[in-house]
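# Chains, contacts and geometry: an overview
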Amino acid sequence: MSSGYHTSWKVPPEHREDPAYRAAGRRMDFAQAVYDRRSALGWSTAELAYRAGMSEEDIESIEESGVEPTLELIEQLAAALESGARIDPRTSPEFRFEERAA
């Protein structure tokens, strides 16, 4: 009996160190972090776009892993998301937005 397609992905170790692979991982972690924090706040993409001074299409592109997380963009979104940003390449995910301590 078949267990289905894509039940597990195996990435060879040499590919994990490829710069393009790592860049894609950063974009995915960033996208997930933006989505998670926006969702935790109960905001739509339109609300975040308004607060960040961006278009809704920009936010959707970010959340679809289509944007490289530059320092300026991280700062802009952290302010809009009322949070701090944590980047640690030793962990997975590498990127998180965290609620600011009161």
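For the structure itself, look to the data block above.
A few points on the structure. (Residues numbered from 1 in each chain as written. Predicted model: local features only at pLDDT ≥ 70, side-chain atom pairs only at ≥ 80, totals over all residues. Heavy atoms only, no water.)

## Here we look at the packing of aromatic side chains
For the record, the criterion: Stacked, edge-to-face and tilted labels apply to pairs of Phe, Tyr and Trp rings (six-membered ring for Trp) whose centres lie within 6.5 Å, assigned for plane angles under 30 degrees, over 60, and everything in between, in that order. Here a helix means four or more residues in a row that DSSP labels H or I, a strand means two or more in a row labelled E, and each is numbered from the N terminus. When accessible area is computed with a 1.4 Å probe and restricted to protein chains, residues below 20% of their type maximum are described as buried, those above 50% as exposed, and intermediate ones as partly exposed.
One pass over the structure, following the stated rule, counts 3 aromatic pairs. Ring centres of F30 and F95 lie 5.2 Å apart, and the angle between their planes is 85°; this geometry places the pair in the edge-to-face category. Placement of F30 in helix α2 (residues 19-41) and of F95 in strand β2 (residues 95-99) is noted, with a sequence separation of 65 residues between them. F30 sits in the buried class, given a relative accessible area of 0%. Classification of F95 as buried rests on a relative accessible area of 5%. Seen in terms of ring centroids, F30 and F97 are 6.3 Å apart; in terms of plane orientation they differ by 45°. Their pairing is tilted. Residue F30 is located in helix α2, and its partner F97 is located in strand β2; the two are separated by 67 residues in the primary sequence. A network of ring pairs unites the aromatic residues F30, F95 and F97 as a single cluster.

## Thoughts on helix α5 (residues 71-80)
To keep things clear, this is the line we draw: Read the arc as the range of directions from the helix axis to the C-beta atoms. Whether two residues touch is decided by their heavy atoms; if any such pair falls within 4.5 Å, the residues are in contact.
Within α5 the residues assigned to the buried category are L73, I74, L77, A78 and A80. Down the axis of α5, the buried side of the element spans an arc of 160°, and every buried residue falls inside it. Along α5, the residues that are exposed and aim more than 90 degrees away from the buried face are L71, E72 and A79. On its buried side, α5 packs onto α2, α3 (45-52), α4 (56-63), β1 (83-87) and β2. The positive-phi residue at the C-terminal boundary of α5 is E82, with phi of around 50°.

## Regarding the packing of α3 against α4
Going by this rule: Between N-to-C directions, angles span 0 to 180 degrees; the directions come from axes that are lines fitted to C-alpha atoms, helices contributing only their stretch in contact. For this classification, under 35 degrees means roughly parallel, over 145 means roughly antiparallel, 65 to 115 means roughly perpendicular, and everything else is oblique. By definition, any crossing whose near helix is turned counterclockwise from its far helix by less than a right angle is left-handed, and any crossing with a clockwise turn is right-handed. Under the scheme applied, nonpolar residues are Ala, Val, Leu, Ile, Met, Phe, Trp, Tyr, Cys and Pro; charged residues are Asp, Glu, Lys and Arg; polar residues are all the others, including Gly.
One can describe the packing of α3 onto α4 by two numbers: an axis separation of 8 Å at closest approach and a directional angle of 110°. Judged by the inter-axis angle, α3 sits roughly perpendicular to α4. Our pair here, α3 against α4, has a crossing hand that is right-handed. On the side of α3, the interface is formed by T45, A46, L48 and A49, while α4 contributes E56, I59, E60 and E63. Here the contact of α3 with α4 is composed, by residue class, of 4 nonpolar, 1 polar and 3 charged.

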